[in-house]
Amino acid sequence: MASSTMLFKVACLAMVCMVLNTSMANGALTCAQITFTASPCIAYIRNPGAAVPAQCCNGLRSLNDQCKGTPERQDACRCLKRTVLSVPGVNLPALAGLPNKCGINLPYKITPTIDCNTVH
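Model, not experiment: these values are computed from the prediction.

> What am I meant to see in the pattern of salt bridges here?
Pairing between side chains of opposite charge can happen when the charged atoms of each approach one another. All chains considered together, the criterion is met by one salt bridge. Asp 75 serves as the salt-bridge partner of Arg 78, at 3.3 Å between the closest nitrogen and oxygen. Remark: Asp 75 and Arg 78 occur in helix α5 (residues 70–86); sequence separation between them is three residues, near one turn of the helix. Residue Arg 78 is classed as partly exposed on the basis of its relative accessible area of 29%. By relative accessible area, which is 45% here, Asp 75 ends up partly exposed.

Below, the structure is given as structure tokens:
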């Protein structure tokens, strides 16, 4: 019950932020949009099951496709890192395994300690 309440709060906050940030300079994604897109993954990284929810993988694939250059990837990394650090009870192996389970090829490991300046 607490995880669904947390997910609902994160989704609502992200929606409000998206509405407030609809005008984006140079087409870059805002952190609110990134958080909203990745929010279906929160329940999984707190309590992983056999399969990652399709909405989670679809959101991560979409983010990966939209973040073309190094600056966009580093910004997304920073945003996701802040988001993950704010979620209690994250299962770190589940978090690190998300890209592989979703069929996304990332040249770096996803961890709460990642140095986003090294992401290319």
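> So what exactly am I meant to see when it comes to the packing of helix α2 (residues 31–38) against helix α4 (residues 54–66) here?
Each pair of packed helices can be described by the angle between their axes along with the distance between the axes. Between α2 and α4, the least distance of the axes is 8 Å, while the angle of their chain directions is 145°. Contacts between α2 and α4 involve Ile 34, Thr 37 and Ala 38 from the first element and Gly 59, Leu 60 and Leu 63 from the second. Residue composition of the contact of α2 with α4, by class: four nonpolar, two polar and no charged.

> I keep staring at helix α6 (residues 92–101) and nothing clicks. Help me out?
Each full turn of the α-helix corresponds to 3.6 residues, which orients residues three or four apart in the same direction. Along α6, the residues classified as buried are Ala 94, Leu 95, Leu 98 and Pro 99. Buried residues in α6, looked at end-on, bunch into an arc of 145°, giving them a common side. Facing away from the buried side of α6, by more than 90 degrees, are the exposed residues Pro 93 and Asn 100. Looking at the buried side of α6, the elements it contacts are α3 (42–46), α4 and α5. Its side-chain oxygen at 2.9 Å from the backbone nitrogen of Ala 94, Asn 91 defines the N-terminal cap of α6. Of the residues trailing α6, Gly 103 is marked for its positive phi of about 75°.

The rules behind these values
Residues numbered from 1 in each chain as written. Predicted model: local features only at pLDDT ≥ 70, side-chain atom pairs only at ≥ 80, totals over all residues. Heavy atoms only, no water. Salt bridge = Lys/Arg side-chain N within 4 Å of Asp/Glu carboxyl O. Helix = DSSP H or I, 4+ residues; strand = E, 2+ residues; numbered from the N terminus. Buried < 20%, exposed > 50% of the residue type's maximum accessible area, 1.4 Å probe, protein only. Axes fitted to C-alpha atoms, helices over the stretch in contact; angles between N-to-C directions. Contact = heavy atoms within 4.5 Å. Nonpolar A, V, L, I, M, F, W, Y, C, P; charged D, E, K, R; others polar. Arc of directions from axis to C-beta. Polar contact = N/O pair within 3.5 Å; in protein donor to acceptor, adjacent residues only side chain to side chain.

Read these as geometric descriptors, not functional statements.
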